[in-house]
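Chain and residue survey
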Amino acid sequence: MFGDMMNMMGKLKETQRKVEETKKRLDTVLIDEKSNDNKLKITLTANRTIKSIDIDESLLEDKEQLEDYLILTLNKAIEKATNVNETELAAVAKEGMPNIPGLDMFK
């Protein structure tokens, strides 16, 4: 039994290391999003860090319109990045889960 516990602890540490590696890798995965008319383009990482924002000159004339574009486009980009992030991290976590009877909710 003690050997099983040590094996489980080792597996959990390995999973933790893989999760950290995946988080670092997600910093290099870029998500591009643009408004429907291509007047605003946003790039962020799968860890939801904004890398660039490209704004068409015409949007600079109307502050309220620009704010609306930013909110809509950023929210779409963040949603996409969150989906990628959660999917990748869940796959790593599921892979490292010990096989404990009754805890099959991640399968």
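In this report, we go over the structure that sits alongside the text. (Residues numbered from 1 in each chain as written. Predicted model: local features only at pLDDT ≥ 70, side-chain atom pairs only at ≥ 80, totals over all residues. Heavy atoms only, no water.)

As a further point, take the sheet that holds strand β2 (residues 40–45). Strand order in the open sheet formed by three strands is β1-β2-β3, with antiparallel pairing between adjacent strands. Edge strands, defined here as strands with exactly one partner in the open sheet, are β1 (30–34) and β3 (50–55). For this sheet the average axis-to-axis angle between neighbouring strands, irrespective of direction, equals 10°. Both β1 and β2 contribute to a ladder of five bridges, which runs antiparallel. Bridge pairing links Lys34 to Lys41 in β2. (Pairing = 2+ DSSP bridges. Helix = DSSP H or I, 4+ residues; strand = E, 2+ residues; numbered from the N terminus. Axes fitted to C-alpha atoms, helices over the stretch in contact; angles between N-to-C directions.)

With respect to the helices, strands and loops of the structure, Thr43 is situated in strand β2. You can call Thr43 buried: its relative accessible area is 14%. Among the polar contacts listed, one links the side chain of Thr43 to the side chain of Asp32, at a separation of 2.6 Å. Setting aside anything within four residues of it in sequence, one finds Thr43 in contact with Leu30, Ile31, Asp32, Thr49, Ile50, Lys51 and Ser52. (Buried < 20%, exposed > 50% of the residue type's maximum accessible area, 1.4 Å probe, protein only. Polar contact = N/O pair within 3.5 Å; in protein donor to acceptor, adjacent residues only side chain to side chain. Contact = heavy atoms within 4.5 Å.)

Counting through the fold element by element, Ile53 comes out in strand β3. Put simply, Ile53 and Glu33 are 20 residues apart on the chain and 9.8 Å apart in space, counted from C-alpha to C-alpha. For Ile53, the contacting residues outside a window of four places in its chain are Leu40, Lys41, Ile42 and Leu70.

Take the pairing of β3 next. Sheet analysis places β2 next to β3, joined by five bridges and oriented antiparallel. Its bridge partner being in β3, Leu44 is matched across the sheet by Ile50. Counting the residues between successive antiparallel strands, the hairpin from β2 to β3 contains four residues, one of them, Arg48, with a positive phi of roughly 70°.

This part takes up a negative patch on the surface. Residues Asp37, Asp54, Asp56, Glu57, Glu61, Asp62, Glu64 and Asp68 make up a contiguous surface patch of negative charge. For Asp68, the location among the structural elements is in helix α2 (residues 63–96). (Patch = residues over 30% accessible without salt bridge, like charges linked within 9 Å, V, L, I, M, F, W, Y side chains within 5 Å. Areas by Shrake-Rupley, 256 points an atom, 1.4 Å probe, with all protein chains shown as cover. Salt bridge = Lys/Arg side-chain N within 4 Å of Asp/Glu carboxyl O. Lys, Arg positive; Asp, Glu negative; His and termini not counted. Charge placed at Lys NZ, Arg CZ, Asp CG, Glu CD.)

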